[in-house]
Amino acid sequence: MSTRVEQRGGRVSLAGRDFLSLHDFAPEEVSLLVEDALRWKNGQDGRPLVRKNVALLFLKPSTRTRVAFDVAVSDLGGHPVALQGGEVQLARGETVADTARVLSQLVDGVVIRAFAHRDIEEFARFATIPVVNALTDLLHPSQALADLLTLLERFGSLRRLRVTYVGDGNNVCHSLAFAAAKTGMHLRVATPTNFAPDPMVWAAAAEDARSTGAQLELLNDPREAVRGADAVYTDTWVSMGFEPTADARRRALEPYQVSSALLALAAPHVIFMHDLPAHRGEEVTDEVMDGPSSVIFQQAGNRLHAAKAILAAIIA
Ligand code: CP
Ligand code: NVA
């Protein structure tokens, strides 16, 4: 679908756009979406999706994203059409391109969780309706938007916020890098060299950072990365689809566990973030998950408000 920037009534319009990566959005468009999410959270009224049908196509498991988008479509007055991977003809070999062209005839937008990022890009190329990325192996932008909302609520501003991501340089890390780059945050990412973020993603985020004054730093030492941080973020060491390398990942990532001792190196007001689901005792201890710094359930709740902001902006 379109990647055009339009002005409507003095406000940037994102109508008709795809939401595949935060990289595709200008810094002011990302800010607009975060502010919209905050307005939905604060009780903004409106049913901009009345008479709109939105397919939710989930090709791998999901709790938060699936429920958040389903509830968001309903709350906005639309009708969600939930589809699991095994239920659609994709499972029997219908092509991504044909599926995109067919769904474009039947619904007004589609939210997709896919294995390969290239599949969602191909879907979007052939679809004539807006496509929302609900997670791929490369990116998780709707999570990052909710994370920006959580950080904004806690700190009142995103610019120059010191956020540290520790662990696997995965899809969540990649979208966090774009989120930081678009909003002027200072992001440190600490991973083992073998599990560093994708160099192409990192270069694109670094390019985005140039216009906002964001700082992105890649390290190996989790202790150095966490020092003085306002927020410490981690995610699972074994993302969906990466199970064959689980043992090697657990071995390499063990020194990156977020424990109370690691968190103690951060700022006294530090918050602990995790997109969930967590593997307690692996990437994070129970003590940190359930401790006073943890904002993980607020983060999960914010997925709904971020979903509303995305859908209302691009589909309504
Ligand atoms: N954080 C997240 O995307 O969770 P789900 O896999 O449950 O959707
Ligand atoms: N990195 C994780 C995120 C799950 C929400 C995965 O892709 O499995």
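Report follows, based on the coordinates. (Residues numbered from 1 in each chain as written. Chains lettered and ligands numbered in written order. Predicted model: local features only at pLDDT ≥ 70, side-chain atom pairs only at ≥ 80, totals over all residues. Heavy atoms only, no water.)

The subject of this paragraph is the site of ligand 1. If you check the shell around ligand 1, you find S62, T63, R64, T65, R113, H140, Q143, D275, L276 and R303 and nothing else. For ligand 1, an oxygen atom lies 2.8 Å from a polar atom in the side chain of R113. Within the contact set of ligand 1, an oxygen atom lies 2.7 Å away from a side-chain nitrogen or oxygen of H140. For ligand 1, whose unbound accessible area comes to 260 Å², protein coverage reaches 96%. When grouped by side-chain class, the residues that make up the shell around ligand 1 number 1 nonpolar, 5 polar and 4 charged. (Near = heavy atom within 4 Å. Polar contact = N/O pair within 3.5 Å; in protein donor to acceptor, adjacent residues only side chain to side chain. Areas by Shrake-Rupley, 256 points an atom, 1.4 Å probe, with all protein chains shown as cover. Nonpolar A, V, L, I, M, F, W, Y, C, P; charged D, E, K, R; others polar.)

Within the structure, ligand 2 sits among L135, N170, N171, V172, D235, T236, S239, M240, D275 and L276. Measuring from an oxygen atom of ligand 2, one finds a backbone N or O atom of M240 at 2.8 Å. Among the residues forming the shell around ligand 2, the class breakdown is 4 nonpolar, 4 polar and 2 charged.

For helix 7 (residues 199–209), the full list of buried residues reads V201, W202, A204, A205, D208 and A209. Along helix 7, the residues classed as buried sweep out an arc of 165° about the axis, all on the same side. Away from its buried face, by an angle of more than 90 degrees, helix 7 presents the exposed residues P199 and M200. (Buried < 20%, exposed > 50% of the residue type's maximum accessible area, 1.4 Å probe, protein only. Helix = DSSP H or I, 4+ residues; strand = E, 2+ residues; numbered from the N terminus. Arc of directions from axis to C-beta.)

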